[in-house]
Amino acid sequence: VLRGSDGSGPYITIAAGGVKMMDLVARYGDAWNWWTWDLDTQEGFASHLEEPIRNLVAACEAIDRDPHSVVRNIDVYSVVPPGGDPGDSMDHPISGTAEQIAATLLGFTELGVSEVRVDLADKTPGAIEAMAPVVELVHAG
């Protein structure tokens, strides 16, 4: 039993993309983490994760571990809150209405992602408040 899943030790998350590191995730990790950033299209965020996920699945299968037993979480750089302005922070952040942003974030579930952490382009209290409808929509599924 992996530490963390039975409460006997810390939950181990390993950020990895390559084949060698995915072997460590498969053998010792409770969770896998990766990130997405400034891509040409919002669909590009999901496609950016396809190769690392293939590597994760292959590493798990190589040791006869169920690939779905590894929690998948990602960090998304960057999100512009509804009504916000990305400014010069990046060329292609996730942005739009609350519904559009939520749909993009929920799209990651198709890749088996169960946790998404977002980095807001604007880190003010108002921007955080503007994300409330997005969070409500994501939680509603």
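*Asks:* Explanation requested: the sheet that holds strand S2 (residues 31-36) in the structure shown.
*Replies:* The strands making up a sheet associate through backbone hydrogen bonding, with each pair oriented either parallel or antiparallel. Across the sheet, 4 strands lie side by side as S1-S2-S3-S4; this open sheet has parallel pairing. Both outer strands of the open sheet, strand S1 (13-15) and strand S4 (113-120), are each paired with one neighbouring strand and no more. Neighbour to neighbour, the strand axes of the sheet diverge by 25° on average, direction disregarded. Two strands pair when backbone bridges link them, and strand S3 (residues 71-79) and S4 are joined in this way by 7 bridges, in the parallel orientation. Looking at the pairing, Asp-75 lines up with Arg-117 of S4. Packing against the sheet, helix H1 (residues 19-28) makes contact with S1 and S2, and its axis sits at approximately 175° to S1.

*Asks:* So what exactly am I meant to see when it comes to the nonpolar core here?
*Replies:* Counting 29 residues, the largest nonpolar core has Val-25, Trp-32, Leu-49 and Phe-108 as the members making the most contacts within it. For this core, the secondary-structure elements that each account for two or more residues are H1, S2, helix H2 (42-62), S3, helix H3 (98-107) and S4. Broken down by element, this core gets its largest block of residues, 5 residues, from H2.

*Asks:* Where do I start with the packing of aromatic side chains in this structure?
*Replies:* For any pair of aromatic rings, geometry is given as the distance between the ring centres together with the angle between the planes. Tallying each qualifying case throughout the model produces 1 aromatic pair. With a centroid separation of 4.1 Å and an interplanar angle of 25°, the aromatic rings of Trp-34 and Trp-35 are classed as stacked.

*Asks:* Looking at this structure, how should I read the side chain of Arg-72?
*Replies:* As for its position among the elements, Arg-72 is in strand S3. Lacking a salt bridge, the buried Arg-72 has Asp-66 as its closest oppositely charged neighbour, with an N-O distance of 7.3 Å. At a separation of 2.6 Å, a polar atom in the side chain of Arg-72 contacts the main-chain carbonyl oxygen of Leu-111. Setting aside anything within four residues of it in sequence, one finds Arg-72 in contact with Trp-32, Ile-53, Leu-56, Val-57, Pro-67, Leu-111, Gly-112, Val-113, Ser-114 and Glu-115.

*Asks:* Honestly, the environment of Ala-46 in this entry has me stumped. Any pointers?
*Replies:* Assignment of secondary structure puts Ala-46 in helix H2. The exposure class assigned to Ala-46 is partly exposed, which follows from its relative accessible area of 24%. Put simply, Ala-46 and Leu-105 are 59 residues apart on the chain and 9.5 Å apart in space, counted from C-alpha to C-alpha. When near neighbours in sequence (up to four residues on either side) are disregarded, Ala-46 contacts Phe-108 and Leu-111.

*Asks:* Help me understand the confidence of the model for the protein chain in this model?
*Replies:* Parts of the prediction with low pLDDT should not have their coordinates interpreted in detail. Confidence in the prediction of the protein chain, expressed as mean pLDDT, is 85, and 84% of residues score 70 or more. The lowest-confidence element of the protein chain is H2, averaging 85 in pLDDT; the highest-confidence one is helix H5 (residues 132-140), averaging 95.

*Asks:* It is not clear to me how the packing of H3 against H5 should be interpreted in this structure. Could you clarify?
*Replies:* When two helices pack together, their arrangement is captured by the angle between the axes and the distance separating the axes. Axis separation between H3 and H5 bottoms out at 9 Å; the angle between their running directions is 45°. The angle between H3 and H5 places the two elements in the oblique class. For the pair H3 and H5, the crossing hand works out as right-handed. Every residue of H5 that contacts H3 at Ala-98, Glu-99, Ile-101, Ala-102, Leu-105 and Leu-106 is listed here: Pro-133, Val-134, Leu-137 and Val-138. Here the residues of the contact of H3 with H5 are counted per class, giving 9 nonpolar, no polar and 1 charged.

Procedures and definitions
- Residues numbered from 1 in each chain as written.
- Predicted model: local features only at pLDDT ≥ 70, side-chain atom pairs only at ≥ 80, totals over all residues.
- Heavy atoms only, no water.
- Pairing = 2+ DSSP bridges.
- Helix = DSSP H or I, 4+ residues; strand = E, 2+ residues; numbered from the N terminus.
- Axes fitted to C-alpha atoms, helices over the stretch in contact; angles between N-to-C directions.
- Contact = heavy atoms within 4.5 Å.
- Core = buried A, V, L, I, M, F, W, Y, C linked by side-chain atoms within 4.5 Å.
- Buried < 20%, exposed > 50% of the residue type's maximum accessible area, 1.4 Å probe, protein only.
- Phe/Tyr/Trp six-rings, centres within 6.5 Å; stacked < 30°, edge-to-face > 60°.
- Lys, Arg positive; Asp, Glu negative; His and termini not counted.
- Salt bridge = Lys/Arg side-chain N within 4 Å of Asp/Glu carboxyl O.
- Polar contact = N/O pair within 3.5 Å; in protein donor to acceptor, adjacent residues only side chain to side chain.
- pLDDT = per-residue confidence, 0-100.
- Parallel < 35°, antiparallel > 145°, perpendicular 65-115°, else oblique.
- Left-handed = near helix turned anticlockwise from the far one by under 90°.
- Nonpolar A, V, L, I, M, F, W, Y, C, P; charged D, E, K, R; others polar.

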